[in-house]
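# Tertiary structure, described
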Amino acid sequence: MLQLKNIVKNYAAGDNTVRALRGITLQFRQNEFVSILGPSGCGKTTMLNIIGGMDQPTSGSMIFDGKDYAVASEEELTAFRRDSVGFIFQAYNLMPTLTAEENLNFIGELSKDSMPASEALTSVGLLEKRKNYPAQMSGGQMQRVAIARALVNDPDILLADEP
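Residues numbered from 1 in each chain as written. Predicted model: local features only at pLDDT ≥ 70, side-chain atom pairs only at ≥ 80, totals over all residues. Heavy atoms only, no water.

## Quick look at the environment of Ile 24
In this fold, Ile 24 is placed in strand β2 (residues 16-28). What makes Ile 24 partly exposed here is its relative accessible area of 26%. C-alpha separation for the pair Ile 24 and Lys 9, spaced 15 residues apart in sequence, amounts to 9.5 Å. Sequence-distant contacts of Ile 24, defined by excluding residues within four places in its chain, comprise Leu 4, Lys 5, Asn 6, Ile 7 and Met 47. (Helix = DSSP H or I, 4+ residues; strand = E, 2+ residues; numbered from the N terminus. Buried < 20%, exposed > 50% of the residue type's maximum accessible area, 1.4 Å probe, protein only. Contact = heavy atoms within 4.5 Å.)

## Focus on the nonpolar core
The tendency in soluble globular proteins is for nonpolar side chains to be buried as a group. By size, the foremost hydrophobic cluster in this structure holds 19 residues, and its most contacted members are Ile 51 and Met 62. Every element with two or more residues in this core is listed here: β1 (2-13), β2, α1 (44-51), β3 (59-64), α2 (74-84), β5 (85-88) and β6 (157-160). Tallying contributions element by element places α1 first for this core, with four residues. Once you skip the residues sitting within four places of it in the chain, Met 62 turns out to touch Leu 2, Gln 3, Leu 4, Ile 7, Ile 50, Ile 51, Lys 67, Asp 68, Tyr 69, Ala 70 and Phe 80. In this structure, Leu 104, Val 124, Met 142 and Ala 150 belong to the second largest nonpolar core, which totals 16 residues. (Core = buried A, V, L, I, M, F, W, Y, C linked by side-chain atoms within 4.5 Å.)

## A look at the side chain of Thr 99
Considering the arrangement of structural elements, one finds Thr 99 in the loop between β5 and α3 (100-110). Taking the relative accessible area as the measure of exposure, Thr 99 reaches 6% and is therefore buried. Those residues in contact with Thr 99 that sit more than four places away from it in its chain are Arg 130, Lys 131, Asn 132 and Tyr 133.

Have a look at this one:
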């Protein structure tokens with residue numbers, strides 16, 4: 001389903017080059033649950049960002065369903081993120097001026113085949129908080145809204161950074 005082939009990611013840091021990923025090769029099967037462990041700063045988030053189409057590698061291939069997204073256009077990456085990826089961010093990234101339900105509806109409107117926000121909120125046990133704003137919820141509740149948001153477009157790939 002998803003394959004990383006010799007993924008390298010370098011960042012410029014002043015006059016230096018930081019090598020965040022150095023030739024990562026992995027293969028993920030459909031319905032497989034994978035946990036990536038490592039010390040802080042080893043490239044886990046960088047790899048998730050490449051898998052999720054939010055960043056592109058310096059070199060190598062990221063192949064999903066036969067297409068190499070390492071060389072995809074911005075439009076192709078946008079469609080990939082919208083239609084195939086659910087991302088649970090470490091810092092929730094909820095929009096503070098939208099209710100829980102509105103945060104999910106915003107993502108659902110971008111997707112061509114999304115589930116109702118009420119169904120996604122029910123799946124994480126938060127339907128009763130649908131009219132609450134993020135500031136009116138605990139950290140755990142905001143994380144569950146972030147999980148529901150990642151599920152609302154029924155993604156092929158679900159990524160969780162520091163779950």
